Amino acid sequence: MSNRVEERIQRTVDDDSRLVSSCRQGEIDAFEALVQKYQKKMLNVAYRMIGDYDEACEVVQDSFLSAYRSIKKFRGESRFSTWLYRIVLNLSRNRIAQVRTRGSREVYSIDAPKATEEGSMRMDPPDEGPSPLEQMEKKEVDARVQGCINGLDSEYREVLVLRDIQGFSYEEIHDILKIPDGTVKSRLFRARDALKECLKKALGDL
Amino acid sequence: MECHDIRKSLSAYLEGMVSPEDQELIDQHLASCRACSTALYELNRTGEVLKNLKEVEPPPWMTQKIMARVREEAESKRGFIQKLFYPLHIKVPLEAFATVLIAVVAVYVFKAVEPEMKGLQPPSPREPVIARQEAPYPAKAPAAETQVAREKVVPQEGPARTISKDLAVAEKETPKKAQVDEEVGGRKFKDAPPPVSEIKTLPAPPPASPSTAPKKEAAVSQPTEVPRIAESRTAERAPSPPAAAAIAPTQEDKMALAGEAARERKELKKAQPMAPSLRMAAKSKAEVMSFVVRVREVRLAGGKVESLLHRLGAFRIDRVSRESDEIITAEVKAEKMKELSEKLKLMGEVEEKDSRLDTIEKDATLRIEIVPVR
C-alpha cells in the first residue's frame, strides 16, 4: 500500500521535473500543464489562509507568475510542488498582513452578530434539542469554521491548513515551512486547541 | 500525569504519534477524567470539521489568466537577440535567406545603375580646361598628346605649392623675369579650377614664346619634389621641336605655376587681371566678402540678415549695432553665397564691395553693412 503511494509520488515528482525542465527551455505549454495540475490545491491553501475567494484567486495567480519568473532559480532541492506551496504561503501571509494593516478586514468575532442569508443572528449558547451544528447548512458551517481559522495568527493558521485541511505529512510541512518537526507539532497543538475553543462558541456545539 | 500535560499530548495522541508508554498513561487518565475525554472528543470533532470543509474550485478562467500573464512576461523577458534568432530552426534560415536576397538585389541594382552613374559624373574641374586647350592646337606632336593624358593625372594630385617653390628658383635663373611673369598671369586663368562658365569667357591663352617656354620646362623638371611624371615628360619633350615645346608649357604650367604666380605678382607690382588674383586668394585662405545693404529699417534688416545667416549654416556670426548702421560678420560656405546674395537683394539695395560672387571657391568671411537708404 505505502509502496504504491510512494510510487505514485515518485512518478509525480518525475513528471514535474520533466515539465519544469521544459519550462526552463522556454516551453510555456509545459508551465500550463503545471498550472493546471496545481492550481486547485494552491487555491485551496490560499483560500483557507486568507479566507476570501477572490483574493485567494489573485494570490494564486501572483504565485504562479512568481514561480514562472524564478523557475530558473528552482534548483530541485525540494519537490516542485513543495516550492510552489511555499510561494503561495508566503504571498498569502503577505496578503494577510496587508489586510490587517489596512484594517479593512473584520476579524471574525465570536460575539458579534453574524450576517447570514436570513439576516443578522446572534450566537447564543446551545440550548436543548437537535444540535445547532446539525441544523446549520454546510455552507454556513464552513463560513463559521473559516471565520475561526481567520482568527488564528498566520503561523498557526498555516500548519493547521497544511496538516488538517490539506493533509500534508509532517515531513512535507517541514519542507514547505522550513521549520523543525517539533515546532510544527507544538504549533499544530496550539492551533487546534484555539480552533476548538472558537468552534465551540461559533457552532454552539461540536 | 496531570490534565494539563494530558491535554498537551492529546493532539499527538489522536494522530498516534505518542510513545507506547505515553499512550498507556493517557488511556488510563482518559478513563478516569471526564473533562479530558471531553477535550479529546472536541479535538477529534475539530479535526473532522476541518477535514469536511468543502474544497473550493478554481474559477474556469484561472488557467487562462495565469497563462496570459506568463506569456506577457515571457515576451518582455525575451532579449533582443533571442527575438532575432529564436526559434533557431525557423529564424536562422529565414535570416540567411534574407541576407542572400539583399546581397543579390544590391549587386543587381549596382550593375543596373552603374552605366547611368558614369554618365552623370560631373567632370572634374580641370578637364574642361584641357579639353579647351586641345582644341586650339589640333595638330600636336604625339609627345604633346601623351602629356595631355598625364596632365589629367597630375593636377588632381595638386602639388602646386611644392612645384611653385621650384618655380621660384627657375625664376631667378631666367633673365626675362617680367616676361615670364606675364606668361604666368596668362596661364593662371587655366590653372585655377574656376567654374566652367567663366572659363569660356576668358581669352584663349597667349601662346608662349618658344624662347621662354623651354626654360620653364627645365625649371619644372629640376625640383626634387616634383612628381616623376614631370621629369619623364621633360625627357620626352627634350628632342621635340620648339613648336611642340611651346605648347607643352602652357599645359604643364597650369598646375605648376599656380600658387607662385600670386606671390610674384605681389612682389613685382605688375598690372594683372583682377579676377585671377582673387581666385588665388580664395584658394589660400577664406575670402572676405563685403556687402553694403541699404534698407529703410536698419535694425529690422539686421535681425533678418542674422536669421538668414543662421539658416544658411553660417558660423561665427557677429552682429554689431551702431547708431545708424549695423555690421554683421560671418563665415559662409561658398555654395550658399549665391542664395545669400539673392536674399540680400530682396531686402534692399545691395552693393558688393571689391569682390565678385562667382569667384568664391571656399568658405568666405562676410562683412555685411546695413545702412539706411540715402
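Definitions and limits used
- Residues numbered from 1 in each chain as written.
- Chains lettered and ligands numbered in written order.
- Predicted model: local features only at pLDDT ≥ 70, side-chain atom pairs only at ≥ 80, totals over all residues.
- Heavy atoms only, no water.
- Helix = DSSP H or I, 4+ residues; strand = E, 2+ residues; numbered from the N terminus.
- Buried < 20%, exposed > 50% of the residue type's maximum accessible area, 1.4 Å probe, protein only.
- Contact = heavy atoms within 4.5 Å.
- Areas by Shrake-Rupley, 256 points an atom, 1.4 Å probe, with all protein chains shown as cover.
- 1 Å grid on protein atoms, 1.4 Å probe; cavity = no way out; pocket = protein on both sides within 12 Å on 5 of 7 lines; lining within 4 Å.
- Points joined across faces, edges and corners; volume = space filled by probe spheres on them.
- Nonpolar A, V, L, I, M, F, W, Y, C, P; charged D, E, K, R; others polar.
- Axes fitted to C-alpha atoms, helices over the stretch in contact; angles between N-to-C directions.
- Parallel < 35°, antiparallel > 145°, perpendicular 65-115°, else oblique.
- Left-handed = near helix turned anticlockwise from the far one by under 90°.
- Disulfide = S-S within 2.5 Å.
- Pairing = 2+ DSSP bridges.
- Phe/Tyr/Trp six-rings, centres within 6.5 Å; stacked < 30°, edge-to-face > 60°.
- Lys NZ or Arg CZ within 6 Å of the ring centre and 35° of its normal.
- Buried area = accessible area lost by both parts, 1.4 Å probe.
- Salt bridge = Lys/Arg side-chain N within 4 Å of Asp/Glu carboxyl O.
- Expected span 1.5 Å × (residues − 1).
- Patch = residues over 30% accessible without salt bridge, like charges linked within 9 Å, V, L, I, M, F, W, Y side chains within 5 Å.

(A) Fine view of the overall build of chain A. Along its length, chain A carries nine helices and two strands. Ordering the α and β elements of chain A from the N terminus gives α-α-α-α-β-β-α-α-α-α-α. Looking at chain A residue by residue over its 206 residues, the buried ones come to 48%. Sequence-distant contacts in chain A: of pairs separated by 6 or more residues, those separated by 24 or more amount to 65%. A total accessible area of about 10800 Å² is found for chain A, and carbon and sulfur atoms account for 45% of it.

(B) Region of interest: the overall build of chain B. When you go through chain B residue by residue, the secondary structure sums to 18 helices and five strands. Counting every position in chain B, which comprises 374 residues, the buried fraction comes to 40%. A separation of at least 24 residues holds for 75% of the contacts in chain B among residues at least 6 apart in sequence. A total of about 21400 Å² of accessible surface is found on chain B, and carbon and sulfur atoms cover 59% of it.

(C) Representation of empty space enclosed by the protein within the structure. Under the criterion given, the structure shown has one cavity of 30 Å³ or more. Lining the largest cavity, in full, are Phe189, Asp193 and Lys196 of chain A together with Arg7, Leu10, Ala39 and Leu43 of chain B. Put simply, the parts of the chain that give the lining of the largest cavity at least two residues each are α9 (181-203) of chain A together with α1 (3-14) and α3 (34-51) of chain B. Here the lining of the largest cavity gets three residues from one element, more than from any other, and that element is α9 of chain A. Taken together, the residues of the lining of the largest cavity break down into four nonpolar, no polar and three charged.

(D) Layout of the packing of helix α3 (residues 53-69) of chain A against helix α4 (residues 80-102) of chain A. All names here are of chain A. Interaxial distance between α3 and α4 falls to 9 Å at its minimum, and their mutual angle equals 135°. The angle between α3 and α4 falls in the class oblique. Classified by chirality, the crossing of α4 by α3 is right-handed. Together, Glu55, Glu58, Val59, Val60, Asp62, Ser63, Phe64, Ser66 and Ala67 of α3 and Trp83, Leu84, Ile87, Val88, Leu91, Ser92, Arg95 and Val99 of α4 make up the contact between the two elements.

(E) Geometry of the state of the cysteines. Enumeration over the complete set of coordinates arrives at one disulfide over all chains. The disulfide partner of Cys148 of chain A is Cys198 of chain A, and the gap between their sulfur atoms is 2.0 Å. Measuring the twist about the S-S bond at about -80°, one finds the Cys148 of chain A-Cys198 of chain A disulfide to be left-handed. Here Cys148 of chain A, found in helix α6 (residues 138-150), pairs with Cys198 of chain A, found in helix α9; they are 50 residues apart in sequence, far enough to count as distant. Residue classification places Cys148 of chain A among the buried residues on the basis of a relative accessible area of 2%. Among the cysteines around Cys33 of chain B, which has no disulfide bond, Cys3 of chain B carries the closest sulfur, lying 3.5 Å off. Cys36 of chain B takes part in no disulfide bond, and the closest cysteine sulfur, belonging to Cys3 of chain B, lies 3.4 Å away.

(F) Main features of the pairing of strand β2 (residues 315-321) of chain B. All names here are of chain B. Note that β2 and strand β3 (residues 326-332) share five bridges and pair antiparallel. By the bridge assignment, Arg319 is partnered in β3 with Ile328. Two successive antiparallel strands, β2 and β3, enclose a turn made up of four residues.

(G) Expanded view of the packing of aromatic side chains. Using the criterion set out here, one finds nine aromatic pairs over all chains in the structure. Relative to Phe64 of chain A, the ring of Phe31 of chain A has its centre 6.3 Å away and its plane inclined at 85°; by these criteria the two rings are edge-to-face. Residue Phe31 of chain A is found in helix α2 (residues 28-50), and its partner Phe64 of chain A is found in helix α3; the two are separated by 33 residues along the sequence. We classify Phe31 of chain A as buried; its relative accessible area is 0%. Where Tyr38 of chain A meets Tyr85 of chain A, the ring centres are 6.4 Å apart and the plane angle is 85°; that geometry is what we call edge-to-face. Residue Tyr38 of chain A is located in helix α2, and its partner Tyr85 of chain A is located in helix α4; the two are separated by 47 residues in the primary sequence. Overall, Tyr38 of chain A belongs to the buried group, its relative accessible area being 7%. Chaining the aromatic ring pairs together yields one cluster made of Tyr38, Phe74, Phe80, Trp83, Tyr85 and Phe168 of chain A. Over the ring of Tyr170 of chain A we find Lys185 of chain A, and its NZ or CZ is 5.7 Å from the ring centre. Sitting over the ring of Trp61 of chain B, Lys65 of chain B keeps its end group 4.9 Å from the ring centre.

(H) Expanded view of the interface of chain A and chain B. At the junction of the two partners, chain A supplies 42 residues and chain B supplies 34 residues. Between chain A and chain B, a total of about 3700 Å² is buried, with carbon and sulfur atoms accounting for 63% of that surface. Three residues, Gln61, Phe189 and Leu206 of chain A, lead the burial of chain A against chain B; their summed loss comes to 17% of the area buried on that side. Here chain A is connected to chain B by nine salt bridges.

(I) Just α9 of chain A, in detail. All names here are of chain A. The end-to-end C-alpha distance of α9 is 31 Å, a good match for the 33 Å that 23 residues give at a rise of 1.5 Å each. Val184, Arg187, Leu188, Phe189, Ala191, Arg192, Leu195, Lys196, Cys198, Leu199, Ala202 and Leu203 are the residues of α9 that are buried. Gly204 sits one or two residues past α9 and shows a positive phi near 85°.

(J) Expanded view of unusual backbone geometry. Of note in this structure, Lys178 of chain A is not a glycine but carries a positive phi near 55°. Here Lys178 of chain A lies in the loop between α8 (170-177) and α9. Of the residues examined, Lys178 of chain A reaches a relative accessible area of 59% and is grouped as exposed. If you check the backbone angles, Arg316 of chain B has positive phi at about 50° while not being a glycine. Residue Arg316 of chain B is classed as exposed on the basis of its relative accessible area of 63%.

(K) Expanded view of the side chain of Thr46 of chain B. Mapping Thr46 of chain B onto the fold places it in helix α3. With residues near it in sequence (within four places) discarded, Thr46 of chain B still touches Arg192, Leu195, Lys196, Leu199 and Leu206 of chain A.

(L) Inspection of α3 of chain B at higher detail. With 18 residues, α3 of chain B ought to run about 26 Å at 1.5 Å a step, and its terminal C-alpha atoms sit 26 Å apart, in line with that. Within the span of α3 of chain B, buried status applies to Cys36, Ala39, Leu40, Glu42, Leu43, Thr46, Gly47, Val49 and Leu50 of chain B. Of the surrounding secondary structure, the elements contacted by the buried residues of α3 of chain B are α6, α7 (154-165) and α9 of chain A together with α1 and α2 (20-32) of chain B.

(M) Examining a nonpolar patch on the surface more closely. All names here are of chain B. Taken together, Phe97, Leu101, Val105, Tyr108, Val109, Val113, Met117 and Leu120 make up a surface patch of nonpolar side chains, about 830 Å² in accessible area. Here Val113 is to be found in helix α6 (residues 88-120). With a relative accessible area of 34%, Val113 lands in the partly exposed category.

Functional significance is not addressed by these values, which are geometric in nature.
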